[in-house]
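So you can see what is in the structure, the chains are spelled out below.
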Amino acid sequence: MADADELLDRYERMAVIRRTEQAAHDLFLQGLVKGTTHLAAGQEAIAVGASAALRPDDYVFATYRGHHHALARGATPEECLAELMSRATGLCGAKGGSMHLTKAATGMLGSYAVVGSHLPMAVGAAWSARLRGTEQLAVAFFGDGATNIGAFHEALNLAAVWRLPVLFVCENNLYMEYTPIADVTAVPRPAADRAPAHGIPGEVVDGNDVVAVEEAVARLARRARAGDGPAVLEAETYRHFGHSRADPAAYRPAEEVERWLKHDPLDLARRRLADLGVGAEAIAGADERARSVVERAVDAAKAAPPPDPRTALTDVWADGGAAWRT
C-alpha cells in the first residue's frame, strides 16, 4: 500500500488531471477547442493508480476518452491542452486532437476513436515484448461498451493462447455512450464475467479508489511478467460529464448521479490521506500546486502559435516522412 507521501503524490496527479479536464471543458465553451471532447473527470483514479503500478517502459493504449491516461503517463497539461486547441506545441503537433493523444517516448501508444480497435494492438505490443525478452507489459484501457465488440474477444483469446504479458482494464462507467451497459449485456460484469470463457482471470475493483487500483494492477502485472499470462481487471467508475460535449447526460437518474458524485476519487483519496495522518494544509498545498500548473498550461496553450502547414505530412512514418512504403 502507498505510504503517505506516495498517496499525496497520487492525489496531486489526480487533481492536475481533474483541473485539466475542467480547463478543456471551459476552453470548448469559449470556442477555443474545435470538434468535441470526451472528458474522463471522475475516472482519474484508474489512470493514476494503474500508472503508479507500471514501469516507465510499459505500454499503454487508451480510448478516445484518454486525456487522463496521457497525463498519467507523462504528457503535460500544456501539451494536452495545446493539442486540443490545435496549436503547434500540442502533444501531436495539432494532428491528433482530443481523441488521439499519443506520447510514444513515455509508453503512451495512443488513444483510439474506433471502439475496441486498440485491444489487438496491445496484444501485438505484448508479443513484441515477449520476442525481445524485455519483460515489458502492455495495458489496454477500454470502456464497458467495447466488451460487446468482436475485437475484445479476439484479443483476449489470442493473448490467452500465447500467455502474453498484457492486461485488459475495463473502465466500466455503466454507460456505452448513452445506453446502460446492463440493458444490452447478458452478464452483470461485462468484462470480468467474460474473462473465464477465454481461460483468463477476471477481477473487479473500485475504480474510484486509487490505492485499490494500484494494488490490483501491481499484483496482476507481477503475474503477467512472471509468465502467467493476461488478466482482465474491471474498474467500476462513473464519468462526471456526459459522453461528449454534445451530451447533457439527461438519461442518467438523478439519484444515481448523486450517489456516484459522493464516491468521487479525489474525496476518497482525501479521506485515505487523513487516515494516514496527512493534514489539511498538505492536501491544500497539493490542490494549489495543481491549480497553478493547469492555469499556466492554459495561458501557454492560448499563446502558442498555430501549426505550420508544411508539417502536415511529416511524422507519418517512423523516418519522419510521408511517402508511401510498399
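Description of the structure in this document. (Residues numbered from 1 in each chain as written. Predicted model: local features only at pLDDT ≥ 70, side-chain atom pairs only at ≥ 80, totals over all residues. Heavy atoms only, no water.)

Regarding the overall build of the protein chain
Threshold: Working definition: helices are DSSP H or I runs of at least four residues, strands are E runs of at least two. Numbering for both runs from the N terminus. Atoms counted for the radius of gyration: C-alpha only. Globule rule: 2.2 Å times residue count to the power 0.38. Remark: exposure states derive from per-residue accessible area (1.4 Å probe, protein chains only) relative to the maximum for the residue type, with buried under 20%, exposed over 50%, and partly exposed in between. Contact between two residues is taken to exist if any of their heavy atoms lie within 4.5 Å; hydrogens are not considered. Each accessible area value is a Shrake-Rupley result obtained with a 1.4 Å probe; residue values ignore everything except the protein chains displayed when judging cover.
Regarding its fold elements, the protein chain presents 10 helices and 8 strands. Against the 2.2 N^0.38 benchmark of 20 Å for 326 residues, the protein chain shows a C-alpha radius of gyration of 19 Å, consistent with a compact globule. Overall size of the protein chain, expressed as C-alpha extent along the three principal axes, is 60 × 50 × 40 Å. Split into buried and exposed, the 326 residues of the protein chain put 51% on the buried side. In the protein chain, the share of contacts with a sequence separation of at least 24, taken over all contacts with a separation of at least 6, comes to 74%. For the protein chain, the accessible surface area stands at approximately 14000 Å², while carbon and sulfur atoms represent 56% of it.

Re the pattern of salt bridges
Selection criterion: Every case where a carboxyl oxygen of Asp or Glu lies within 4 Å of a side-chain nitrogen of Lys or Arg is listed as a salt bridge.
Applying the stated criterion across every chain yields a total of 19 salt bridges. For Asp9, the salt bridge is made with Arg10, and the minimal N-O distance between the two is 3.5 Å. Taking the relative accessible area as the measure of exposure, Arg10 reaches 11% and is therefore buried. A salt bridge links Arg163 to Asp228; the shortest N-O distance between them is 3.9 Å. Within this pair, whereas Arg163 is found in the loop between helix H6 (150-162) and strand S4 (166-172), its partner Asp228 is found in helix H7 (residues 210-228), the two being separated by 65 residues in sequence. For Arg163, a relative accessible area of 43% translates into the label partly exposed. You can call Asp228 partly exposed: its relative accessible area is 37%. One network of salt bridges, in which partners are shared, links Asp9, Arg10, Arg13 and Glu214.

What to know about the side chain of Asp144
This is how it is decided: Neither His nor the chain ends contribute to the count of charged residues, in which Lys and Arg are positive and Asp and Glu negative. In the analysis that follows, any N or O atom pair within 3.5 Å is treated as a polar contact, provided that within protein one partner can donate a hydrogen and the other can accept it, and provided that, for residues neighboring in sequence, both atoms belong to side chains.
Tracing the backbone through its elements, the reader meets Asp144 in the loop between strand S3 (138-143) and H6. Buried within the structure, Asp144 lacks any salt-bridge partner; Arg239 is the closest side chain of opposite charge, at an N-O distance of 7.3 Å. Of note is the side chain of Asp144, whose polar atom sits 3.5 Å from the backbone nitrogen of Met176. Each residue touching Asp144, except ones within four places of it in the same chain, is listed here: Cys170, Glu171, Asn172, Asn173, Leu174, Tyr175, Met176, Ile181 and Pro190.

A short note on helix H1 (residues 4-29)
Every α-helical turn comprises 3.6 residues, leaving residues that sit three or four positions apart pointing alike. Applied cut-off: Here a helix's expected span is defined as the number of its residues, less one, multiplied by 1.5 Å.
For H1, built from 26 residues, the straight-helix expectation of 38 Å at 1.5 Å per residue is met to within 8% by its first-to-last C-alpha distance of 38 Å. For H1, the N-terminal cap is Asp3; the gap from its side-chain oxygen to the backbone nitrogen of Asp5 is 3.2 Å. Directly after H1, the chain includes Gly31, whose backbone phi takes a positive value near 80°.

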